[in-house]
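Spelled out, the chains give:
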Amino acid sequence: MKPPVTYELIHECKQTGARYGILHTPHGDFETPIFMPVGTQATVKTLIPSEIKEVSDGLILGNTYHLWLQPGDELVKEFGGIRGFMNWDGALLTDSGGYQVFSLSKMRKITEEGVEFRHHKSGEKLFLSPEKSIEIQNNLGADIIMSFDECPPFDSDYDYMKKSVDRTIRWARRGKEAHKNPETQALFGIVQGGGNKEIRKYCMEKLAEIDFPGYSIGGLSVGESKKEMYEMLEYLKDVMPKDKPRYLMGVGSPDDLIVGSMNGIDMFDCVLPTRNARHGSAFTHQGKIQVKNLELKRSKDPLDSECDCYVCKTFTRAYLNHLIKADEILGMRLISYHNLYFLKSLMHDIREAIKNDRLLDFKNEFFKKFGYTK
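Summary of the structure given here. None of these values were measured; they are calculated from a predicted model. Residue positions are counted from 1 within each chain, in the order its sequence is given. Local features in a predicted model are, by the rule used here, given only for residues with pLDDT of at least 70; side-chain atom pairs are given and counted only at 80 or more, and totals for whole chains, interfaces and linings are based on all residues. As a convention, hydrogens and water are excluded, and side-chain values are obtained from all of the structure's heavy atoms.

Looking at where D255 falls in the secondary structure, it is placed in helix 10 (residues 254–262). Those residues in contact with D255 that sit more than four places away from it in its chain are K226, Y230, F367 and Y372. Secondary structure elements follow DSSP: runs of H or I of four or more residues count as helices, runs of E of two or more count as strands, with numbering from the N terminus. Contact between two residues is taken to exist if any of their heavy atoms lie within 4.5 Å; hydrogens are not considered.

Take a look at the structure:
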């Protein structure tokens, strides 16, 4: 049986080895590398579906943990999954819920069967297993779903990391056995192992034996330095299968998107562009700016003079400065729109640089202009 999601490698950058390809899904074909906006609770925060189309390439995320708790995956299924529930006709990916279990709850007990923990708001006792995670994701109906895993601290000692990864591998096998919709939903394995290259390679090899249609890299951008993250990505570049899509989870700053692409990553996601926007922080070609800063109060300039999004063509920095200082929702909406459009445009530029064998040159030019070399 052909998997519902496949990857087609078109070109490798001669400067960097970065990959340009096509991700084929049941709801669209997407050029890669691609950035995917995060729609945690069946909403990319503050934006309606028609706007999401304008600021994305058509592939977005939903969050298994949050949709399980509110409004419930069974209810979402009644509406035809996330797509029908939020009236989104593009492609979808859901995470496994594992990261939230480990990041949101201080009271948890990890067993071979799964994880006992407490609701992050009510304190109610909950239990999530590999089988339950897959059942929820089957109900949510995304094109791409994730194995249930443990995300251990990056600097865990060897013994803990090895035991954790062995458990994640067993959970991945159980999740695949529980998967009811393999003909319509592609289940990815998640490569864990923190900062230990030996264990990362071991995890990848064991997941490859189970044979998933794609592989995610988890447990990065969780507090380690960028140098440590980049070193691990460079290492994994030659460890991961070339014929399957590679997804770096939870990474989305402009510098990380460029370096991640240089190291063979095909898919990225992050809440950063919308979270930054709600705090009045915008990506621009002149670097990141705080929109509420005093010097913008009377500026008649656009937010980003090199951006052609609706926000930059329509509003002044002074108006956006006013909206953010007044805590107006419109300000958060407009900057969310711009930030996502900025990353969509950046990914387009990355893909063009790969096709033209000049991604390293592009990186150096962008880093200098954006201020990452300071």
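Next comes the rest of the account.
What follows is about the pairing of strand 2 (residues 19–25). Each residue is placed in one exposure class: buried if its accessible area under a 1.4 Å probe, protein chains only, is under 20% of its type's maximum, exposed if it is over 50%, and partly exposed if it falls in between. For strand 2, the buried fraction is high: six of the seven residues fall into the buried class. When DSSP finds at least two bridges between two strands, those strands are taken to pair. Note that strand 1 (residues 6–12) and strand 2 share six bridges and pair antiparallel. Within the sheet, the bridge partner assigned to H11 lies in strand 2 and is Y20. Between the antiparallel neighbours strand 1 and strand 2 lie six residues, among them G17 with a positive phi of about 85 degrees. In this sheet, strand 3 (residues 28–32) lies alongside strand 2 in antiparallel orientation, the contact comprising five bridges. Note on strand 3: the bridge partner recorded for L23 is F30. The hairpin formed by strand 2 and strand 3 contains two residues between the paired strands.

Note on method: axes are straight lines fitted to C-alpha atoms, helices fitted across the in-contact stretch only, with angles between N-to-C directions ranging 0 to 180 degrees. Remark: helix 6 (residues 130–140) packs on helix 7 (residues 158–178), axes separated minimally by 8 Å, with the N-to-C direction vectors making an angle of 45 degrees. Considered as vectors, helix 6 and helix 7 are oriented oblique to each other. Of the two possible hands of crossing, helix 6 and helix 7 adopt the one that is right-handed. Contacts between helix 6 and helix 7 pair P130, E131, I134 and N138 from the former with W171, R174, G175 and A178 from the latter. For this scheme, ten residues count as nonpolar: Ala, Val, Leu, Ile, Met, Phe, Trp, Tyr, Cys and Pro. Four count as charged, namely Asp, Glu, Lys and Arg, and the remainder, Gly too, count as polar. Considered class by class, the residues forming the contact of helix 6 with helix 7 number four nonpolar, two polar and two charged. Every angle not falling under 35 degrees, over 145, or within 65 to 115 is termed oblique; those three ranges are roughly parallel, roughly antiparallel and roughly perpendicular. Two helices cross in a left-handed way if the nearer one is turned anticlockwise from the farther one by less than a right angle. They cross in a right-handed way if the turn is clockwise.

Before going further, it helps to spend a moment on the environment of K201. Secondary-structure assignment places K201 in helix 8 (residues 197–210). Each C-alpha atom of the pair K201 and F315 lies 49 Å from the other, and the pair is 114 residues apart in sequence. In this structure K201 touches Y235 and V239, once residues within four positions along its chain are discounted.

In sheet architecture, strand pairing relies on hydrogen bonds along the backbone and comes in two forms, parallel and antiparallel. If you trace the three strands from one edge of the open sheet to the other, you get 7-8-9, paired in antiparallel fashion. Both outer strands of the open sheet, strand 7 (108–110) and strand 9 (125–128), are each paired with one neighbouring strand and no more. Strand-to-strand twist in this sheet, taken as the mean axis angle between neighbours without regard to direction, amounts to 20 degrees. Sheet analysis places strand 8 (residues 115–118) next to strand 9, joined by four bridges and oriented antiparallel. In the strand pairing of strand 9, R118 is matched with K125.

The next thing to look at is empty space enclosed by the protein. Both cavities and pockets are sets of points on a 1 Å grid over the protein atoms alone; in a cavity a 1.4 Å probe fits but cannot get out, in a pocket the set is open with protein on both sides within 12 Å along at least five of seven lines, and lining residues sit with an atom within 4 Å of a point. Grid points are joined across faces, edges and corners, and a volume is the space filled by probe spheres set on the points. The full count for this structure, using the stated rule, is one cavity of 30 Å³ or more. By volume, the largest cavity amounts to about 40 Å³. Around the largest cavity sit F35, P37, V55, S56, D57, L340, L343, K344 and M347, which together line it. If you list the elements that add at least two residues to the lining of the largest cavity, you get strand 4 (34–37) and helix 14 (329–355). The leading source of residues in the lining of the largest cavity is helix 14, at four residues. When its residues are assigned to classes, the lining of the largest cavity shows six nonpolar, one polar and two charged.

One face of the sheet, then the other: side chains in a regular strand alternate in exactly this way. With burial as the criterion, each face of strand 14 (residues 267–270) is covered, one bearing M267 and D269 and the other bearing F268 and C270. Where strand 4 meets strand 14, four bridges bridge the pair, whose relative direction is parallel. By the bridge assignment, F35 is partnered in strand 14 with F268. Judged from the two bridges that link them, strand 13 (residues 246–248) and strand 14 form a sheet pairing that is parallel. Within strand 14, the position partnered with Y247 by the bridge is M267. Following the chain from strand 13 across helix 10 to the adjacent parallel strand 14, one finds a crossover that is right-handed. Look down the strands so they point away from you; if the path from the first strand over the helix to the second goes clockwise, the crossover is right-handed.

A pair is scored as a salt bridge if a Lys or Arg side-chain nitrogen falls within 4 Å of a carboxyl oxygen belonging to Asp or Glu. Per the stated rule, a full pass over the model turns up 22 salt bridges. For D211, the salt bridge is made with K244, and the minimal N-O distance between the two is 3.2 Å. Residue D211 is found in the loop between helix 8 and strand 12 (215–217), and its partner K244 is found in the loop between helix 9 (226–236) and strand 13; the two are separated by 33 residues along the sequence. Through salt bridges that share partners, E31, E352 and K355 make up one connected network.

This part covers the nonpolar core. Counting residues in hydrophobic clusters, the biggest one holds 96 residues, and the most contacted among them are I350 and L359. Ranked by the residues each element gives to this core, the list is headed by helix 14, at twelve residues. When sequence neighbours within four positions are dropped, the list of residues in contact with I350 reads P33, L257, I258, S261, L359 and F362. Membership of the second largest hydrophobic core comes to 18 residues, among which are L23, I144, I190 and M249. Grouping buried Ala, Val, Leu, Ile, Met, Phe, Trp, Tyr and Cys residues that are joined through side-chain atoms within 4.5 Å yields what is termed a nonpolar core.

Note that every value here comes from positions in space, so none of it alone points to a role or purpose.
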